[in-house]
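Here is how the chains run, residue by residue.
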Amino acid sequence: GALVYQYPRRTICKSGTSMRMECQAVGFQATSVAWYRQSPQKTFELIALSTVNSAIKYEQNFTQEKFPISHPNLSFSSMTVLNAYLEDRGLYLCGARETGGYEQYFGPGTRLTVL
Amino acid sequence: GQQVQQSPASLVLQEGENAELQCNFSSTATQLQWFYQSPGGSLVSLLSNPSGTKHTGRLTSTTVTKERRSSLHISSSQTTDSGTYLCAIDDNYAQGLTFGLGTRVSVFP
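Since this is a predicted model, take the numbers as computed values, not measurements.

> Would you mind going over the pairing of strand β4 (residues 31-37) of chain B with me for this structure?
Successive residues of a regular strand alternate their side chains across the two faces of the sheet. All names here are of chain B. By the criterion of burial, β4 is predominantly enclosed, with seven of the seven residues buried. Going residue by residue along β4, you find Gln-31, Gln-33, Phe-35 and Gln-37 tucked away on one face and Leu-32, Trp-34 and Tyr-36 tucked away on the opposite face as well. With seven bridges joining them, β4 and strand β9 (residues 83-90) adopt antiparallel strand pairing. Residue pairing in the sheet places Tyr-36 in a bridge with Tyr-85 of β9. Sheet topology places β4 next to strand β5 (residues 43-48); five bridges connect them, and they run antiparallel. Bridged to Trp-34 within β5 is Leu-47. Between β4 and the antiparallel strand that follows it, β5, lie five residues; Gly-41 among them carries a positive phi value of about 110°.

Here it is as structure tokens:
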């Protein structure tokens, strides 16, 4: 079956430092990977959509300078939160979809706490 | 952009009762997924249903595409059903999901 792993599951970083999180697809080829954030007491927001061999598309309020994403192959993606501050706290999810696939498969998330 | 409205915002049930959750969206959905988020935060995909009716276990989803609405019916609720149910829409195939605010369900014995 299709599985998505995320690492780390939880992380704490000091304000102003950076944090890298990873997303691994197993059992299918993740042609596109979407990264989402759920801030405390809020719903999930799309940060960016990455498709292999295409430019990464960032949503309004999110930039490559702040959330650089790497999607080097069909099984792996990573995102870094640069210069993290309190407002970057939350649960970060990656959702992966295969070519022609309909459903997004989600990982368990990386929970980021910023001190 | 796409807007997703869920109702009710919260729901309290006694174990064994049924529940109906609603999702309305502003643009045509090329994909619609219902998710369950546990109190601990983890997200589980329940059903993918852009049109028609689908069943899985005690869950039934009915989506009426033309009316831009979907419902999730929980039958014979159990205390383990407690959590937040999220509806998410993709209105431009494979462009990423827009999530609703969710319905928080609490089931008591």
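> How should I be thinking about the state of the cysteines in this particular structure?
Cysteine pairs can be linked by a disulfide, which is a covalent bond between their two sulfur atoms. Counted under the stated rule, the structure contains two disulfides over all chains. Each sulfur in the disulfide pair Cys-23 of chain A and Cys-94 of chain A lies 1.9 Å from the other. Across the disulfide from Cys-23 of chain A to Cys-94 of chain A, rotation about the S-S bond amounts to roughly 70°, and the bridge is consequently right-handed. Linking Cys-23 of chain A in strand β3 (residues 19-26) with Cys-94 of chain A in strand β9 (residues 90-97), this pair joins segments that are 71 residues apart in sequence. Cys-23 of chain A gets classed as buried once you look at its relative accessible area, which sits at 3%. Shown here is the disulfide that connects Cys-23 of chain B with Cys-87 of chain B, its sulfur atoms set 2.0 Å apart. Taking the sign of the S-S torsion, -65° for the link of Cys-23 of chain B and Cys-87 of chain B, the bridge is left-handed. Of the two residues, Cys-23 of chain B sits in strand β3 (residues 19-25) while Cys-87 of chain B sits in strand β9, which places them 64 residues apart along the sequence.

> Explain the packing of aromatic side chains to me, please; I cannot follow it from the model alone.
Where two aromatic rings form a pair, the distance of their centres and the angle of their planes describe that pair. Under the definition given, this model contains nine aromatic pairs over all chains. Between Phe-28 of chain A and Tyr-105 of chain A, the aromatic rings sit 5.2 Å apart at their centres with planes inclined by 55°, giving tilted as the arrangement. Taken together, the residues Phe-28 of chain A in the loop between β3 and β4 (32-38) and Tyr-105 of chain A in strand β10 (residues 105-106) connect sequence positions 77 residues apart. Look at Phe-106 of chain A and Phe-35 of chain B: their rings are 5.1 Å apart centre to centre, the planes differ by 90°, and that puts the pair in the edge-to-face class. Of this pair, Phe-106 of chain A sits in strand β10 while Phe-35 of chain B sits in strand β4, placing the two residues on different chains. Across the pair, Phe-35 of chain B and Phe-106 of chain A agree in class, each one buried. An aromatic cluster is built from Tyr-36, Phe-44 and Phe-106 of chain A together with Phe-35 and Phe-99 of chain B, whose rings are joined through pairwise contacts.

> Could you clarify how one ought to interpret the interface of chain B and chain A in this entry?
Interfaces are often sized by the accessible area lost when the parts come together. Contacts between the two partners involve 22 residues from chain B, matched on the other side by 17 residues from chain A. Carbon and sulfur atoms make up 50% of the surface buried where chain B meets chain A, a total of about 1,600 Å² over both sides. Between Arg-97 of chain A and Asp-90 of chain B there is a salt bridge; the shortest N-O distance is 3.5 Å. Our enumeration of links across chain B and chain A arrives at six residue pairs in polar contact (both at pLDDT 80 or more). Those elements giving two or more residues to the side of chain B that touches chain A turn out to be β4, β5 and β9 of chain B. Broken down by element, the side of chain B that touches chain A gets its largest block of residues, five residues, from β4 of chain B. Residues of the side of chain B that touches chain A, tallied by class, amount to 10 nonpolar, 11 polar and one charged.

The rules behind these values
Residues numbered from 1 in each chain as written. Chains lettered and ligands numbered in written order. Predicted model: local features only at pLDDT ≥ 70, side-chain atom pairs only at ≥ 80, totals over all residues. Heavy atoms only, no water. Buried < 20%, exposed > 50% of the residue type's maximum accessible area, 1.4 Å probe, protein only. Helix = DSSP H or I, 4+ residues; strand = E, 2+ residues; numbered from the N terminus. Pairing = 2+ DSSP bridges. Disulfide = S-S within 2.5 Å. Phe/Tyr/Trp six-rings, centres within 6.5 Å; stacked < 30°, edge-to-face > 60°. Contact = heavy atoms within 4.5 Å. Buried area = accessible area lost by both parts, 1.4 Å probe. Salt bridge = Lys/Arg side-chain N within 4 Å of Asp/Glu carboxyl O. Polar contact = N/O pair within 3.5 Å; in protein donor to acceptor, adjacent residues only side chain to side chain. Nonpolar A, V, L, I, M, F, W, Y, C, P; charged D, E, K, R; others polar.

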